[in-house]
There are 2 protein chains.
Amino acid sequence: MPKQNTVFKDAYNRCLQLLVVGESLPSEPELCNLLGVSRTTVRSILSQMVEAGLIEWNKRSKAVQRPPVKADFFPEHETNSLAEVIERTFMKRILMGGAEPGMQINELELAREIGVGTTSVREFLIRFSRFGLIEKRPNSHWVLKGFTRQFAEELIDVREMFELKSAAAFVKLPADDPAWIELEALRRAHVDVLADIDSRYLEFSELDDRLHRLIQQASNNRFIVDFYDIIAIVFHYHYQWNKSNARERNGKAILEHLDYIEALKTRRPDAVEAACRSHLSSARLSLMQSLSPAALAATDEAQ
Amino acid sequence: MPKQNTVFKDAYNRCLQLLVVGESLPSEPELCNLLGVSRTTVRSILSQMVEAGLIEWNKRSKAVQRPPVKADFFPEHETNSLAEVIERTFMKRILMGGAEPGMQINELELAREIGVGTTSVREFLIRFSRFGLIEKRPNSHWVLKGFTRQFAEELIDVREMFELKSAAAFVKLPADDPAWIELEALRRAHVDVLADIDSRYLEFSELDDRLHRLIQQASNNRFIVDFYDIIAIVFHYHYQWNKSNARERNGKAILEHLDYIEALKTRRPDAVEAACRSHLSSARLSLMQSLSPAALAATDEAQ
DNA sequence: GGGCTGCACATTATCGACAAAGAACACAAA
DNA sequence: TTTGTGTTCTTTGTCGATAATGTGCAGCCC
């Protein structure tokens, strides 16, 4: 099977939600924009909807016949691209179950375990190698360097350098830069979540990602912006499987974010630097503390 | 053809130079170490040498029969791995001949042009994408972002951050760290080249690479060390095809390096920082000036 | 004239296949 | 007991093939 039709299935599912009985779907190019796919895919979706009796399709008219029911949707797991599946499986293996630093990674074995071809696994590993968690030995295996304390420290050191630089650049943004509007929107979102922190503390991850990305953008430096991908993926998976103290940790972090945002709004470089440093060292502490004892022990042994 | 046997050919060529008539080659495992390949490959080499009448091989004895002649060597171009070939061709295209920023990159076309399969090109592009010169549009083409003035500035900004950090760490290295010995060796190498600068100025590139890598190592941070790969590849190819003023440029840089090395040896942080900044801003200037007018014009238009 | 559809074509993502290269193991030699 | 060899098996690097997806052009409808 050459290509998974996950793009089609995912777009189909999203298109189902656009159906309103009695009305007609918009034009093909407009659907392309709404769904973010090409016209070919849109037309496949329309054909499929005709077969499912959801719409009547004749040239420009795409009259909705009935509302979609649950059975019309493709199961969610079929809508994930291969790369996503591989990434999740792999991260699970190296961040959770006993993946010792120094371990060898076998393309073939991984491919069989996940049930995909070797090429896909191989390409994933190449892409993933820029995160510094694995290393290639040409003509031989990959070596797992592991999510160790050492790794976390190196990551955070660079993060601090970059974030301080970006925050300093943010302050110099012209007053009419859209980033200021987004910053205010983010501030409100923080306040909202904080008001109902006990039930919404899990939304912090998303806020965190948005705030830091917004700040890195200000650096106007692709290497700084790209580096944030590493931080994001590590934090994302790590905290996804490591929810101890999440309630307190996130509550505290939201307060820090609010300080940080206020500081940015003053545009005073020293205030920004102080708030930034304070938040980052707190984040560093959280991450270090949440590293499991197993990971810690492994770190000391590695190399 | 599944795999190029470039490993074999390259090792074979290197093994030819070990032949001394009348003597016997060392044991298989020892040859593995000398050539940096596996025993399987060593045995292939030995077999081939028997066929070529170069040696008699019987168990442990591998008696050399005749000295190798020129025709025994594989042509050099057959010893380059595919990845190297692709990299060179690609860099040539984007750093030299009219590759406008924003241009689309086509895997199939590139593969045909170079005469390799699409998989190899694809994997190269994925690996290469971390250098920030190209960007992937999933399910669609790659976009060339181009070696523009903007790119150079972003690259050098990060370089300065990292180098300052590394240099500061270098100063704190214990007195018995091997880096100090290597530093002294490098200093002498600089002096040697400088003494005969008019005929040896092209050797500067190698010295530059060695010195900066040595310093980055001191950071003990994989992200900083890995980032130097980007700088190295860009400088390598750029100056390889851009030798205007190389004589003056390199002569001046060697003097700066010597200052820098002296500063490191004093272990005084402020002296190191000054020398580091001075050298880096000079390197920045050189790079900027050597960017062709075409690249400059393109920069302004892009986005 | 500007946007929409129909159609033909180009390109990507993924797979399985296979030779090159590496790795493991039992035995032989020193 | 250590080191080297013979042998077999595993894994990587590369290719071509193929369905999914994207793109371009000619004509049609408002």
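Just so we're clear, the structure is a prediction, and the values are computed from it rather than from any experiment. (Residues numbered from 1 in each chain as written. Chains lettered and ligands numbered in written order. Predicted model: local features only at pLDDT ≥ 70, side-chain atom pairs only at ≥ 80, totals over all residues. Heavy atoms only, no water.)

(A) A look at the overall build of chain A. In terms of regular secondary structure, chain A is built from 14 helices and 5 strands. C-alpha extents for chain A along the principal axes are approximately 65 × 55 × 35 Å. Sequence separation of 24 or more characterises 67% of the internal contacts of chain A that already satisfy a separation of 6 or more. Total accessible area on chain A is roughly 15800 Å²; 51% of this is exposed by carbon and sulfur atoms. (Helix = DSSP H or I, 4+ residues; strand = E, 2+ residues; numbered from the N terminus. Contact = heavy atoms within 4.5 Å. Areas by Shrake-Rupley, 256 points an atom, 1.4 Å probe, with all protein chains shown as cover.)

(B) The protein's contact with DNA strand D, seen in detail. Lining the immediate environment of DNA strand D, one finds 42 residues, of which Arg122 of chain A together with Pro2, Arg39, Gly117 and Ser120 of chain B sit closest. Separating a phosphate oxygen of DNA strand D from a side-chain N or O atom of Arg122 of chain A is a distance of 2.4 Å. Contact distances for DNA strand D include 2.6 Å between a phosphate oxygen and a backbone N or O atom of Gly117 of chain B. Mapped by element, the contributors of at least two residues to the surface near DNA strand D are α1 (6-16), α3 (39-51) and α5 (107-114) of chain A together with α2 (28-35), α3 (39-51) and α6 (118-128) of chain B. (Near = heavy atom within 4 Å. Polar contact = N/O pair within 3.5 Å; in protein donor to acceptor, adjacent residues only side chain to side chain.)

(C) Here's a closer look at helix α4 (residues 82-95) of chain A. Residue and element names in this part refer to chain A. In this model, α4 (14 residues) spans 20 Å end to end at C-alpha, consistent with the 20 Å of a helix rising 1.5 Å per residue. Buried within α4 we find Ile86, Phe90, Met91 and Ile94. One side of α4 carries all its buried residues, which in axial view fall inside an arc of 125°. (Expected span 1.5 Å × (residues − 1). Buried < 20%, exposed > 50% of the residue type's maximum accessible area, 1.4 Å probe, protein only. Arc of directions from axis to C-beta.)

(D) Region of the structure containing the sheet that holds strand β3 (residues 104-105) of chain B. All names here are of chain B. Spatial strand order, β3-β5-β4: 3 strands in an open sheet with antiparallel pairing. Looking at which strands have only one partner, the edges of the open sheet turn out to be β3 and β4 (134-136). Bridge count between β4 and strand β5 (residues 142-144): 3 bridges; the pairing is antiparallel. Bridged to Lys136 within β5 is Trp142. Sheet contacts for α6: β3, β4 and β5; angle to β4, the most-contacted strand, approximately 110°. (Pairing = 2+ DSSP bridges. Axes fitted to C-alpha atoms, helices over the stretch in contact; angles between N-to-C directions.)

(E) The relation of the copies chain A and chain B, seen in detail. When chain A is fitted onto chain B, the two copies agree to an RMSD of 0.2 Å after a turn of 180° and an axial shift of 0.0 Å. This pairing of chains is accounted for by a two-fold axis. Mapped onto chain B, 100% of the interface residues of chain A again fall at the interface, so both copies present the same surface. (Least-squares fit on C-alpha atoms with pLDDT ≥ 70 in both.)

(F) Fine view of the protein's contact with DNA strand C. Neighbouring DNA strand C are 40 residues; Pro2, Arg39, Arg43 and Ser120 of chain A together with Arg122 of chain B lie closest to it. Within 4 Å of the protein, the contacting atoms of DNA strand C are 70% sugar and phosphate, with bases supplying the remainder. Of all the elements in the fold, those that place two or more residues in the surface near DNA strand C are α2 (28-35), α3 and α6 (118-128) of chain A together with α1 (6-16), α3 and α5 (107-114) of chain B. The class makeup of the residues in the surface near DNA strand C is 11 nonpolar, 16 polar and 13 charged. (Nonpolar A, V, L, I, M, F, W, Y, C, P; charged D, E, K, R; others polar.)

(G) Broad picture of empty space enclosed by the protein. Across all of its chains, the model carries 3 cavities of 30 Å³ or more by this definition. Taken together, 14 residues line the largest cavity, and the ones lying closest to its centre are Arg130, Phe227 and Ile230 of chain A together with Arg130 and Phe227 of chain B. When its residues are assigned to classes, the lining of the largest cavity shows 10 nonpolar, no polar and 4 charged. (1 Å grid on protein atoms, 1.4 Å probe; cavity = no way out; pocket = protein on both sides within 12 Å on 5 of 7 lines; lining within 4 Å. Points joined across faces, edges and corners; volume = space filled by probe spheres on them.)

(H) Focus on the confidence of the model for chain A. Scored by pLDDT, chain A comes out at a mean of 93, with 95% of its residues at no less than 70. Between residues 294-303 of chain A, whose pLDDT stays under 50, and residues either more than four places distant or in other chains, the model counts 8 contacts. (pLDDT = per-residue confidence, 0-100.)

(I) Quick peek at the packing of aromatic side chains. Residues and elements named next belong to chain A. In total, this model carries 29 aromatic pairs over all chains according to the counting rule given. Geometrically, the ring pair formed by Phe124 and Phe128 is stacked, given 5.3 Å between the ring centres and 25° between the ring planes. Of this pair, Phe124 and Phe128 both sit in helix α6, separated by 4 residues, roughly a single helical turn. The class for Phe124 is buried, based on a relative accessible area of 3%. (Phe/Tyr/Trp six-rings, centres within 6.5 Å; stacked < 30°, edge-to-face > 60°.)

(J) Representation of the sheet that holds strand β5 (residues 142-144) of chain A in the model. All names here are of chain A. Read across the open sheet, the 3 strands follow the order β3-β5-β4; overall the sheet is antiparallel. Unpaired on one side and paired on the other, β3 (104-105) and β4 (134-136) mark the two borders of the sheet. Direction of pairing for β3 relative to β5: antiparallel, over a ladder of 2 bridges. For Gln104, the partnering residue across the bridge sits in β5 and is Val143.

(K) Highlighting the environment of Val116 of chain B. Residues and elements named next belong to chain B. Mapped onto the elements, Val116 comes out in the loop between α5 and α6. Overall, the relative accessible area of 17% leaves Val116 in the buried class. With 15 residues separating them along the chain, Val116 and Phe131 place their C-alpha atoms 22 Å apart. Those residues in contact with Val116 that sit more than four places away from it in its chain are Leu82, Ile86, Ala111 and Val121.

(L) Region of interest: the pairing of strand β1 (residues 55-58) of chain B. All names here are of chain B. In this sheet, strand β2 (residues 61-64) lies alongside β1 in antiparallel orientation, the contact comprising 4 bridges. Paired with Glu56 across the strands is Ala63, a residue of β2. Linking β1 back to β2 in an antiparallel pair, the connection comprises 2 residues, with Lys59 at a positive phi of about 50°.

(M) Local environment of the interface of chain A and chain B. On the side of chain B, 28 residues touch chain A, which itself brings 28 residues to the contact. Summed over both sides, the interface of chain A with chain B buries roughly 2500 Å², with 58% coming from carbon and sulfur. The tally of links from chain A across to chain B stands at 4 salt bridges. Ionic pairing is found between Arg122 of chain B and Glu123 of chain A, a salt bridge with its closest N-O pair at 2.8 Å. The tally of links between chain A and chain B comes to 9 residue pairs in polar contact (both at pLDDT 80 or more). Elements with a contribution of two residues or more to the side of chain A that touches chain B: α6, α7 (149-171) and α11 (222-240) of chain A. Examining the composition of the side of chain A that touches chain B, we find that 9 residues originate from one element, α7 of chain A, more than from any other. Here the side of chain A that touches chain B is composed, by residue class, of 12 nonpolar, 6 polar and 10 charged. (Buried area = accessible area lost by both parts, 1.4 Å probe. Salt bridge = Lys/Arg side-chain N within 4 Å of Asp/Glu carboxyl O.)

(N) View of the pattern of salt bridges. Residue and element names in this part refer to chain A. A complete count under the given rule lists 50 salt bridges over all chains for this structure. Across the pair Asp229 and Arg130 runs a salt bridge whose closest N-O atoms are separated by 3.3 Å. Pair noted here: Asp229 is in helix α11 and Arg130 is in the loop between α6 and β4, with a separation of 99 residues, a long-range link.

(O) A look at the side chain of Ser286 of chain B. Tracing the backbone shows Ser286 of chain B in helix α13 (residues 269-290). Taking relative accessible area as the criterion, Ser286 of chain B reaches 17% and is therefore assigned buried.

(P) Focus on the domain arrangement of chain A. Each assigned domain of chain A is listed with its residue range as follows: domain 1 (6-77), domain 2 (82-144) and domain 3 (149-299). Distance between the C-alpha centres of domain 1 of chain A and domain 2 of chain A: 36 Å. (Domains from an automatic or database assignment.)

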